Amino acid sequence: MSLLIPIRESDEVVEVRYDELPEDPSDVIDILKAELAPLSLWIRLAVQYYRQGKIDAFNAVVTDGTDPGLEEYYGESKRERVAFFNMLAAYFCSQAQLPSMASDKAKRDELFNQANINYTQADKIDLRQPMTWVGKGMLLLAKHDLPRAMGQFDTALEAQPNNTAALLGKACVAYTRGDYQLALDTYRQALKTNPSGCPPSVRLGLGLCYFKLGKIAKACSCWERLLQIDAQLQQHPPSAAAPTPTPTPGSVEALTALAIVELNNSSGGGGAAAATAAAGATGAVAQQRRQAVMHAMSLLLRARQLQPHNALVLSQLANHFFFKRHYAKVEELALAAYHATEQPALRADACWHIARAYHAQAELDRAFQYYYQAVQHRADHPLAQYGLGQLYLGRGDTDKALSCFEAVLRLQPDSVDASRVLGSLYAHQGKTERAFHLLQRATELRPDDADSWVELGQLVEPSDPQRAVSCYERAAKLLERQQPAGSAGAVPMELYHNIGVLRHQLACRTMQQAAGSQGAEAAAATKKTRELLAQADRAYSKALEAAGVQLSQFKAAATTTTYNLARLREQQARSSEAAELYKGILREHPNYVDCYMRLGVLARQQGNIYEAAEWFKEVFAVDPTQPAAWSLLANLHVLKHEWLPAQKKFERILMSDKRDAYALVALGNLYFNAVRPTAGSAQATAAAAADPKQAKNLRQAHTFYYSVLEADPSNVHAANGLGMVLAEKGHLAAARDVFVQLREATSEVADVWLNLAHLSLLQPQTSTGAPVGGPGGAHNVAIKMYENVLKRFYSGTQVGEPSVELYLARAYYECDKLAECKRTLQRAIHCCPHMPLLWFDLAAAHERSALLAVGLSLPFIAAPSSSSASAAGASQASSANGAASGAARVPPLADVHRAVADLAAARRLFEHVVAGGWTQQAQQARDLVPLAQQRLSRLTGFEAQAREVLSVAETVHADALRRRQQIERAEQQRQQQLARQQAEAEAAAAADKQRRQAEALETEARLDAARQRWQQQQSTQRDLTADDDSAEGRKRRRKKPAADDFINDSPQAETPTDDAPTMSAGERLAEMRSKRKSRSKKQRIADDDLVDDSDAELGTADAAPTHDADAVEQASAADAAESIEADAVTDEQQSRKAKKDKKDKKDKKDKKEKKHKKEKKGKKDKKEKKQRKEDGKKGDDALDSVLFGDDDQQQQQQPASQPAAAAGGQKKKRRQVFDSDDEADETPAAADDAAAAVGDTDADASEMMDASVSSEHMTPDGASGDQQGEIEMEPETQLAEPMDTADTAASADEPTTPQ
C-alpha cells in the first residue's frame, strides 16, 4: 500500500509506499506543502509513521500539519484540522500513561497539560465535534476523574448515539466504578452497532464484566473468542507494513485470565476448606485437578512467550510456584514483575508475593519489609494488609494489627478470615458484643469453617454454656467430615474435653435450678440431668479416644480428662468407680494431690471420718503447705465439734499465708459459734451473750471478718459474718442493711438469704404476742425467704437442706402454722433420719398442736437449733389460751380427737429421742435427752386433761346433735307449710286466670256479634243511598228545598225557615268545606273520612240524570228526606246547647289541667296507674262506638213517619248508657264504669279491640266536641276510621293515641 500525493494542475501523482517510508519525513512533508495536498493525506502519513513506531517522524508530520501558517490554505477543512489536534492530544495522553511516567509526576502532568491544550485548540476550530468530547473523556479517565469523564462520553453519545469510541469509554468508566452490568451492556451495544469496527480487545472487557458478575463460562467464551481473532490476525495480517506480526492487544491478558480460572477450578474455589479437601482428594478428582493446573500453566507460558516482561503474567507464575514451595523462584519472578511495570497495583502484587514467601520461611523481618512496601504502593491491597496485621500481632502491637484487619474488613466485608481474627482480638480486649457480631458473621459466611465455630464457642462459653456446646459440637462434626477415611486425630481431644466439661456443668446447673421442685417438674429435671451427664460421659470417652489413650492406661496426655471423668462418676452416684479412677491416677502420678483430696471427701460423705483424715494427710507428703488439704482437715474437726484442733489447722494455713481469706473467715466463724449455746431457750442465749468471755469472742470474730474485708472489700462471706456479729450485738437495722446490700451484690450465696430470714423472726411483737404488721406478718416474710432458699440453692440430696428445713419449721412453729411445721419436719427426717433434733422438734410440734386444739396452756420450751448465729433471740415465749378460756369454750369433738392423737404421737417421738442410739450426733442427743424427759413428765398431766375435755366435748356434742335434729324437724315442717300455701295460691291464681280468659272470650263474642250487626246496617244504608240517587228522589228533593240535609250553623241563622234560600247539595257541601278550612289541622284530619263520604253521596246525587222510578222507590226517598230534616232540626238545637257545654267543659278542663300539673311532680307512680286505666278506657270506647253504630243503624231503619222521635229516643238511650263529658273529665275510670254498665267487661277485653276512640273527647252524639253543629256524623265512620282528636284542653299526662 502507498500514499498517492496529487500534483497541482496535473493528472500525475507522487507515490510514497508505506513499507518504504523514509526515516526523515522532511522530503515528504515538503511535497505535501508544495502541492497543497489535502490534510487527510497528512493524517494518513502520520498514522503510518506511528504504527511503524517511528515516533520522531510522527511528531514532525503532526507538528508541521498543525502549523498556524497553513490555516490560510486549509481554513475550510475544519474536520481534518480538528482530527490533527485530537490525534496530537491523544498521543500526549498515551505518553503520560506509560509505566515510566508513574514515578515522574511532573512530566506526567506536563503531558496531560499538552493534551488539554490541543483539545482546546480543536474546540476553537469546531465546538461540535464528538471525537473531541471522546478525547476529553479519555483524558479525564486517565486522570481518574470518573464523573467528568462519564459526562463527556454522554455528551458525545447524545450527538452520535452509536459512536463506538464513546461507548467503549463509557463502558470503561462503568467498570472502574464497579457497575459491571452497565459496563457489560455498553460493551455489547458497541459490538452490536459496529461489529467490524470494534477492536478485538473489547472481548476482554466483556469477559471481565461476565467474570465479575459470576458468569464464568461466558467470560471464558469471550476470552477464547479474542484468542481466535488474534490467531486469525497472526495468519493473515491486515498489511505488510509491519515486518513481524505483534499479538493483538488484550490477548495476553485473556490468556492470563483463562489461566486464573483454571487454577481456581483446580483448588475448588480456594480457602482453607478447599485446600484441605484437595489434600484428601484421590482418584479421578485428583487427576482432573492436576490436568487443570497443567492447562493453566500452559496458558501462562504461552502468554509469557508473547510478552516475556508482562508483569501480570510474571505475578501469576510467582503465585503458582508459591504453592509449589519454590520460594526462590517466587522471589525471582516477583522481582521481575516489579521492575517490568510502573503500575502501583502490579508492583503491590509483586511485593506481596515476595513477602509471603519470606513469611512462609519464617523470615519475619524481611516479610514485614515487603508487606509494608506492598501497602505503600497500594493501601487497598487486602492480602498485604492481612499479612502485615499478622506480623504486627506477632510483635505484640495489637492496636496496629487491629487497624490492618479492620482495613481488610472494609475492603472485603465478607472476609471470613478477617472477621474471625478481629473477633478474637476484640474478645481478648473485652469487647464481647463486637466480637460476637464478627464471629457470628464469619460462621454465616462460611458455615463449614470449624475455626470460626471454635472461636465463637470460646467467646460465649462464660455467658451461654449451652450455645458454646453447640458451637463446639458443630466444629467437631465439620472436622470429622473433613477427616480422610482411615485416619485419626483430625479432631483435637481438647475440643471433646471442653464439650464434656460444659455438659457436666450444665447438668449441675440443672440440678440446682430444679431444687425444691416436685411432681412432673422434678421428674423432667432429673431426666434432663441424666441425659446431660450421659452426654458428658460420651464426650470424655471421645476425648480419650482422640488422644489414643485407654481409660485403664492413665497416661499423662489424658490425666485431666480422666480426673474430670471421675468427678462425673461422683455426680452419677458411682462413688466406687470414681475412687478407682482416682487411685489409678495416683498410681501413675503420685503427686496429683487433687485425687487425694477427692478420696478424702468420698470417705467423709460415707461417714468414714478417720479414713478421710488419712487421705487428707497424704497430701502433706507431697505439699506440706497445701491450704485446701489443711482446710478439709479442719472441717473434719468442726464436724466433730472439736473446736480447738480446728482452730489450730486454720492457724497453720495463716502461717504460710497471713491473708488467706478462707482461713480468716473460718476462724471468725469458730469464734462466733463459741458465743452460741448448743441448746437452750432464748433466756439461755441472752445470758450467754452477756458473758464477758462471749463478748471477747464476738470481738475476735469481728476482727477476723474485718481483716478479710480490708484485703478484699468484695468478699461476700466476710461481709456476711460481719452482719451476723452486728445482729448478735443487737444492731438489727445495721445487720439488715448489710445483708440487703450483699443480696443485691450477689445472689449465689445462700447464707445471706438465710440470715435475712433469721432477722425477720426477730421483729418486735405487740402486747398480744402477734408480730407487727398483721398476724404472722414478719414470720410470713421469713417463711417465704426460707422457701426461696430451699428452691434456689438446695436439692433433696444435699447435706445443707435439713438445717434449712429446720429453720423453716421453726418459723412455722412461731406463727402457729403447726400443720406446715409438721410436714416440713417430716420431710427433713426423711432426708436425714439420724438428726435427733428433728425428732424432738416434731414431737414439740405435735404437743403444741394438741394443746392449742383443746385450749390447754404450756410454756414454750425452746428446742435446740443448729441455725447460724443470726437466729439468736428468735425464740419468744408463746402460749396457748389458758385453762380458764378452755372452760369457757368447749372445743369441737374432732379437734379434741385430733389433740389426743397429737399427744400420743408426741409421747412416741419423745420416747424415741430418750431411747438413744444416736451415733453420728451423740453430743446433740445428750443435750436433748433431759428436755425430752421433762416433756414426757408433763405429757401425763396433759393427757389426763385431754381425756376430761374429751368427755365434756362428747356430752356437748351429743346435746348439740339433738338440738340440731329438733331444729331440722321444725324447719322441715315450716317448709312443708310454705309449700302448701304456695300450692293454694297457685291454684287460686290459675282459677282467676281461667275466669278472666272466659270473660275475655265472652266479650270478644259480643264484639263479633256487634260487628256483624253493624255490617248488616251498613249494607242496608248503602241500599237506601242507592234509592235516594234515583230520579224520583231528586225530584222530591227539588220540591222540598227546606228539608235539605245540611243546616246553616252560623249565629245569625239559629233555626231553618221557609224564607231561607234554597241550596243544592253541591252548594251546601262547598259551604261546609269552606267552613272546614277554617278549622284547625287536627280537626280537619279527623273529618276527612266524613267529608269524603258526603262527597261521594252528594256527587252521585248531583250527577245522576232525572228519570222516573216506581212507587216504592219514591216512598223510600220521601221517608229518608223527612228523617234527615227532623234530624237536622234536632241537631241544630243540640248544637247550641253543645257550644255552651263545650265552653263550660273547656273552663273545667283548664282548671283540671292546672291542678294536674301541680300534682304531677313527685307522683310518678300515680301517673303510671292512670296510664294503665287510660289503656283500659280506650278499649271500652271502642266497644261504645260499636254500640253507637248499632243504635244508629236501628234509627235509620225506623219508619219515615217517626224520624224525630226515633232520633230523640236513640239520643236519650245514649245518654243513659254513657256518662256525661264532665264525668269523663273528672276521672279516667269513667270509661271503665261505662264499659261495665254496658257489657260488664274487664281490662283484658280492651286488648282485643281492633280500633278505639278516646271517650274523653266524645260527645253524647258520637262526634268530636269541636265538630258540633257542622255536619251530621255517621256512627259507622267512627268505627271504620278512628279519629285524631284535636281538643286543646286534653291533659298532657293522658294522651289519646289513635289505634
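Visitor: Can you explain the overall build of the protein? Please cite residues and give values.
Guide: The helix and strand tally for the protein stands at 55 helices and two strands. Relative to its 1299 residues, the protein shows a buried fraction of 43%. Counting contacts in the protein only where the partners sit at least 6 residues apart, residues at least 24 apart contribute 61% of the total. About 68200 Å² of surface is accessible on the protein, with carbon and sulfur atoms providing 51% of the total.

Visitor: An account of the environment of Arg509 is requested, with residue identities and associated values reported.
Guide: Within the fold, Arg509 resides in helix H25 (residues 493-513). On the basis of relative accessibility, which here comes to 41%, the residue Arg509 falls in the partly exposed class. When the C-alpha positions of Arg509 and Thr529 are compared, they lie 8.9 Å apart, and in sequence the two are 20 residues distant.

Visitor: Quick one: what's the story with the pattern of salt bridges, residue by residue and with numbers?
Guide: Under the defined criterion, the tally for this structure stands at 33 salt bridges. As a salt-bridge pair, Asp397 and Lys400 come within 3.9 Å of each other at their nearest N and O atoms. A relative accessible area of 24% means that Asp397 is categorised as partly exposed. Judged by relative accessible area, which is 43%, Lys400 ranks as partly exposed. The salt bridge involving Glu814 is made with Arg810; its shortest N-O contact spans 3.5 Å. Of the two residues, Glu814 and Arg810 are both situated in helix H40 (residues 801-814); the distance of four residues between them amounts to about one turn of the helix. Judged by relative accessible area, which is 17%, Arg810 ranks as buried. Among the charged side chains, a salt-bridge network with shared partners connects Asp417, Arg420, Arg446 and Asp449.

Visitor: Talk me through the packing of aromatic side chains; I want residue IDs and the actual numbers.
Guide: The description of an aromatic ring pair rests on the distance of the ring centres and on the angle between the ring planes. One pass over the structure, following the stated rule, counts 20 aromatic pairs. With a centroid separation of 6.3 Å and an interplanar angle of 35°, the aromatic rings of Tyr596 and Trp615 are classed as tilted. Placement of the pair is Tyr596 in helix H29 (residues 593-605) and Trp615 in helix H30 (residues 609-622), with a sequence separation of 19 residues. Sitting above the plane of the Phe322 ring, Arg356 keeps its charged end 4.0 Å from the centroid. The cationic tip of Arg848 hangs over the ring face of Tyr813; the distance from NZ or CZ to the ring centre is 5.2 Å.

Visitor: Describe the packing of helix H8 (residues 164-177) against helix H9 (residues 180-193), and please don't skip the residues or the numbers.
Guide: Where H8 meets H9, the closest approach of the two axes is 8 Å, and the angle between their N-to-C directions is 165°. As summarised for this structure, H8 and H9 are arranged roughly antiparallel, according to the angle between their axes. Handedness of the H8/H9 crossing: left-handed. In contact with Leu167, Leu168, Lys170, Ala171, Cys172, Ala174 and Tyr175 of H8, H9 contributes Tyr180, Leu182, Ala183, Thr186, Tyr187, Gln189, Ala190 and Thr193. The class makeup of the residues in the contact of H8 with H9 is 11 nonpolar, three polar and one charged.

Visitor: Tell me about unusual backbone geometry, and please be specific about residues and values.
Guide: Within the chain, Ala362 stands out as a residue other than glycine whose phi angle is a positive 65°. With respect to the helices, strands and loops of the structure, Ala362 is situated in the loop between helix H17 (344-360) and helix H18 (364-377). Positive phi values are uncommon outside glycine, yet Ala573 reaches one of about 65°. Relative to the helices and strands, Ala573 is located in the loop between helix H27 (559-571) and helix H28 (575-588).

Visitor: Summarise a negative patch on the surface; cite the residues concerned and give the values.
Guide: A surface patch of like charges, here negative, comprises Asp1141, Asp1144, Asp1147 and Asp1150. Note on placement: Asp1141 falls in helix H49 (residues 1111-1160). Assessed through its relative accessible area of 38%, Asp1141 is described here as partly exposed.

Visitor: Go over helix H22 (residues 432-445), please, and point to the residues and values.
Guide: If you check H22, its first and last C-alpha atoms are 20 Å apart, about what 14 residues at 1.5 Å a residue would give, namely 20 Å. All buried positions along H22 are accounted for by Ala435, Leu438, Leu439, Ala442 and Thr443. Axial view of H22: buried residues confined to an arc of 135°, hence all on one face. In H22, the exposed positions angled more than 90 degrees off the buried face are occupied by Glu433 and Glu444. Tucked into the core, H22 has its buried residues touching helix H20 (398-411), helix H21 (416-428) and helix H23 (450-460).

Visitor: Report on the pairing of strand S2 (residues 13-17), specifying residues and quantitative values.
Guide: As judged from the five bridges shared by strand S1 (residues 2-6) and S2, these two strands associate in the antiparallel manner. Each residue of the ladder has a partner; that of Pro6, found in S2, is Val13. Where S1 hands over to S2, the hairpin turn is made up of six residues, of which Glu9 adopts a positive phi near 55°.

Calculation criteria
Residues numbered from 1 in each chain as written. Predicted model: local features only at pLDDT ≥ 70, side-chain atom pairs only at ≥ 80, totals over all residues. Heavy atoms only, no water. Helix = DSSP H or I, 4+ residues; strand = E, 2+ residues; numbered from the N terminus. Buried < 20%, exposed > 50% of the residue type's maximum accessible area, 1.4 Å probe, protein only. Contact = heavy atoms within 4.5 Å. Areas by Shrake-Rupley, 256 points an atom, 1.4 Å probe, with all protein chains shown as cover. Salt bridge = Lys/Arg side-chain N within 4 Å of Asp/Glu carboxyl O. Phe/Tyr/Trp six-rings, centres within 6.5 Å; stacked < 30°, edge-to-face > 60°. Lys NZ or Arg CZ within 6 Å of the ring centre and 35° of its normal. Axes fitted to C-alpha atoms, helices over the stretch in contact; angles between N-to-C directions. Parallel < 35°, antiparallel > 145°, perpendicular 65-115°, else oblique. Left-handed = near helix turned anticlockwise from the far one by under 90°. Nonpolar A, V, L, I, M, F, W, Y, C, P; charged D, E, K, R; others polar. Patch = residues over 30% accessible without salt bridge, like charges linked within 9 Å, V, L, I, M, F, W, Y side chains within 5 Å. Lys, Arg positive; Asp, Glu negative; His and termini not counted. Charge placed at Lys NZ, Arg CZ, Asp CG, Glu CD. Expected span 1.5 Å × (residues − 1). Arc of directions from axis to C-beta. Pairing = 2+ DSSP bridges.

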